[in-house]
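Geometric and topological summary
Single-letter residue listing:
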Amino acid sequence: MDLRIFTEPQQGATYDTLLTVAKATEDLAFDAFFRSDHYLKMGSGDGLPGPTDAWITLAGLARETKRIRLGTLMTAGTFRLPGVLAIQVAQVDQMSGGRVELGLGAGWFEEEHQAYGIPFPKEKFGRLEEQLAIVTGLWETKLGDTFDFHGTYYDLTGSPALPKPAQAKIPVLVGGHGPTRTPRLAAKYADEFNMPFASVEDSERQFGRVRAAAEEAGRGADSLVYSNALVVCVGKDDQEVARRAAAIGREVPELKANGLAGSPSEVVDKIGRYQEVGSQRLYLQLLDLDDLEHLELISSQVQSQLG
């Protein structure tokens, strides 16, 4: 079971804070550092000092880390044109020496689009499908060849399909709860399917749908990695769990029901339940980015028990 650290910087974080967490992620032997792609805070709090751009952040971290994978969960398809996104991600992959992964979603948070003048189209899923076709198609085009795409929403003619990533294939993540279109899209384009903030039972059902869609698409169901994203709140004792829950404005019973919360042994047991239904990788949503002792505890008392 891979453990990856997943941050939500729109809630309030500087680049320096993210760098500190990313370096701790690397030093504590976690597999990867991922971040959300949002420009507006959600819920309570002031969100100060304001948003940081996902791919600018990852470009910086690419030069200041050496081992960990770097990526987005998920880049909003509404934020960037697909040809430009392919260039950005390929460049950051080069800057990192081939450690980048792209999670790409349709975009959903209408208020942040209104706040920063970003168009929020009604039909987002169809656009996402074309974006995935374009981004992966540009990367897969052989050197010296050109790439053309003529869709409903995007039109590319004679693209040199440059630059190329450092990796032969950048892993692409698709995720979500949709019962039909999402599994089909994952089966067609994804290397990993991510189930965000879902119960063991809902994860099992959705993993089953994706596995079936993969078989229908003519690829093995096991050719995808299956993962979950879950909020994390671990403490050595009940008092520490309660303190960490209060720091992120959550209640312990709710966190235990909907995330990975409690003592290290409780969290290891719940991870085992996700593993039993096919989850191979967990993105631990870390909401208090100043609490590095939390990361250390997860590394020493949770990750160490997972082999």
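One can find the structure itself at the top, above this paragraph.
In this report, the structure presented in the accompanying data block is examined. From a predicted model like this one, the values you see are computed outputs, not experimental measurements. (Residues numbered from 1 in each chain as written. Predicted model: local features only at pLDDT ≥ 70, side-chain atom pairs only at ≥ 80, totals over all residues. Heavy atoms only, no water.)

1. What to know about the packing of aromatic side chains
Our working definition: Each Phe, Tyr or Trp ring (for Trp, its six-membered ring) is paired with any other whose centre lies within 6.5 Å, and the angle between the two planes then decides the class: stacked below 30 degrees, edge-to-face above 60, tilted in between. Helix numbers and strand numbers start at the N terminus; a helix is a DSSP run of H or I with at least 4 residues, a strand a run of E with at least 2. A simple rule labels every residue: compare its accessible area, found with a 1.4 Å probe on the protein chains alone, to the largest value its type can have, and call it buried under 20%, exposed over 50%, or partly exposed in between.
In the structure shown here, the tally under the stated rule is six aromatic pairs. With a centroid separation of 5.5 Å and an interplanar angle of 65°, the aromatic rings of Phe207 and Tyr226 are classed as edge-to-face. Of this pair, Phe207 sits in helix H7 (residues 200-216) while Tyr226 sits in strand E10 (residues 225-234), and the two are 19 residues apart along the sequence. By the burial criterion, Phe207 is buried, and Tyr226 matches it.

2. What about the nonpolar core?
Note the threshold: What is meant by a nonpolar core is a set of buried Ala, Val, Leu, Ile, Met, Phe, Trp, Tyr and Cys residues, joined one to another through side-chain atoms within 4.5 Å. Contact between two residues is taken to exist if any of their heavy atoms lie within 4.5 Å; hydrogens are not considered.
Trp55, Trp139 and Val302 are the most contacted members of the largest nonpolar core, which totals 76 residues. Among all residues touching Trp139, those that are not within four sequence positions of it are Ala86, Val89, Ala90, Leu102, Lys164, Pro165, Ile170 and Val172. By size, the runner-up hydrophobic cluster in this structure holds seven residues, among which are Phe6, Ala32, Leu73 and Ala229.

3. Here's the deal with the environment of Pro121
On the secondary structure map, Pro121 appears in the loop between helix H4 (110-116) and helix H5 (125-140). Exposure remark for Pro121: the relative accessible area of 18% places this residue in the buried category. Through-space distance from the C-alpha of Pro121 to that of Thr78 is 7.8 Å; in sequence the pair is 43 residues apart. Setting aside residues up to four positions removed in sequence, Pro121 forms contacts with Thr78 and Arg127.

4. Here's the deal with empty space enclosed by the protein
Put simply, the test is: Residues are said to line a cavity or pocket when one of their atoms sits within 4 Å of a point; the points come from a 1 Å grid over protein atoms alone, cavities being sets where a 1.4 Å probe fits but cannot get out and pockets being open sets with protein on both sides within 12 Å along at least five of seven lines. Grid points are joined across faces, edges and corners, and a volume is the space filled by probe spheres set on the points. Gly is placed with the polar residues, together with every amino acid not listed as nonpolar (Ala, Val, Leu, Ile, Met, Phe, Trp, Tyr, Cys and Pro) or charged (Asp, Glu, Lys and Arg).
Inspection of every chain in the model, using the stated rule, returns one cavity of 30 Å³ or more. Volume-wise, the largest cavity comes out at about 60 Å³. In terms of lining, the largest cavity is formed by Val232, Arg244, Ala247, Ile248, Leu286, Leu287, Asp288, Asp291 and His294. Among the residues forming the lining of the largest cavity, the class breakdown is five nonpolar, one polar and three charged.

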